[in-house]
Amino acid sequence: MASEAGADRRVLLNTVSVRRSSPPLSLQRIAAAAVELLDAEGISRLTMRNLADRLGVGTTTLYWHVDTKDDVLDLAVDAVFAESPPPAGLGADWRADITALITDWRATLLRHPWSAALPMRQRPTVGPGFLAWMEFLQASLVRAGLTGRHVSAASWVLYSHVQGSATSQSALRWSVDEREAGQRQLNEHSDRYPTLVAQQHLLDDDWAGNFELGLAYILDGVAIQIAPQAG
């Protein structure tokens, strides 16, 4: 019995030693661990217990720093945006600036597929990483010549475009066989859906190309709005 107690004590001491050797718990560490967990296992596996285990701390200790899982998600989303900050300053071409920003935004979301849908939760994400992106976007629109409500409207259209593209690409993971089977079924109803059949709707998986073309349509519309305001 004494030897077993001694072994248990050594195990406990080793555990304490490992935890004491870890860096102090901080919001940055919590965010980084949450991103790793979400990337590896998805939203369904993000619990305070699982996150605490990944950090090597007790759940109670984690609750000293964040109140809820929603707080953790806010930190994780903002950490994702902070990975690739926007340019430090505006360039000479507003359209090129916005294209680069929105394209990079989409790539960032696709690196972390779980993040694409989260900013549209019940409360908005207002962390510094995300806000830096939005500040650059709106500053680019103002520099282009938009004013007042046009800036907000254009921002929301661009935001919705990048979020929708990333969310759809992350969620719709159809195989080639599934696409072809779906298109064959669609073809059988060509009398009801002639345009979809002619466009080979279900075979289209050019996510990047469609995103880029859609972005060009939006920016063309912005350019049209600039001319009357400038006059």
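Just so you know, these numbers come straight off a predicted model, no measurement behind them. (Residues numbered from 1 in each chain as written. Predicted model: local features only at pLDDT ≥ 70, side-chain atom pairs only at ≥ 80, totals over all residues. Heavy atoms only, no water.)

Participant: Give me the lowdown on helix α2 (residues 27–41), citing residues and values where you can.
Facilitator: A turn of α-helix holds 3.6 residues, and therefore any two residues three or four places apart point the same way. Spanning 15 residues, α2 covers 21 Å between terminal C-alpha atoms, matching the ideal 21 Å at 1.5 Å per step. For α2, the full list of buried residues reads I30, A31, A33, A34, V35, L37 and L38. In this structure, the buried residues of α2 make contact with α3 (48–55), α4 (59–63) and α5 (69–83). Just downstream of α2 lies G42, where phi reads positive at about 90°. (Helix = DSSP H or I, 4+ residues; strand = E, 2+ residues; numbered from the N terminus. Expected span 1.5 Å × (residues − 1). Buried < 20%, exposed > 50% of the residue type's maximum accessible area, 1.4 Å probe, protein only. Contact = heavy atoms within 4.5 Å.)

Participant: Can you lay out unusual backbone geometry for me, pointing to particular residues and giving the numbers?
Facilitator: Of note, Q200 is a non-glycine position whose phi angle comes to about 55°, a positive value. Using a relative accessible area of 34% as the deciding quantity, one classes Q200 as partly exposed.

Participant: Residues and numbers for the confidence of the model for the protein, please.
Facilitator: Looking at the protein as a whole, its pLDDT mean stands at 86, while 84% of the residues score no less than 70. Segment residues 7–21: pLDDT under 50, and three contacts once partners within four positions in sequence are set aside and those in other chains are kept. (pLDDT = per-residue confidence, 0-100.)

Participant: Describe the side chain of Q183, and please don't skip the residues or the numbers.
Facilitator: Among the secondary structure elements, Q183 is positioned in helix α9 (residues 176–187). Using a relative accessible area of 2% as the deciding quantity, one classes Q183 as buried. At 3.4 Å, the side chain of Q183 and the backbone nitrogen of H201 are in polar contact. If we ignore the near neighbours within four places in the chain, the residues touching Q183 are L196, V197, Q200, H201, L202 and L203. (Polar contact = N/O pair within 3.5 Å; in protein donor to acceptor, adjacent residues only side chain to side chain.)

Participant: Before we move on, can you summarise the packing of helix α6 (residues 94–111) against helix α7 (residues 128–144) with the specific residues and values?
Facilitator: In a packed pair of helices, the relevant descriptors are the angle between the two axes and the axis-to-axis distance. Two elements in contact, α6 and α7, have axes whose closest approach is 9 Å; the angle formed by their N-to-C orientations is 155°. When the axes of α6 and α7 are compared, the pair comes out roughly antiparallel. As α6 packs across α7, the resulting crossing turns out to be left-handed. Where α6 approaches α7, its residues W94, D97, I98, L101, I102, D104, W105 and T108 are matched on the opposing element by F130, W133, M134, F136, L137, S140, L141 and A144. (Axes fitted to C-alpha atoms, helices over the stretch in contact; angles between N-to-C directions. Parallel < 35°, antiparallel > 145°, perpendicular 65-115°, else oblique. Left-handed = near helix turned anticlockwise from the far one by under 90°.)

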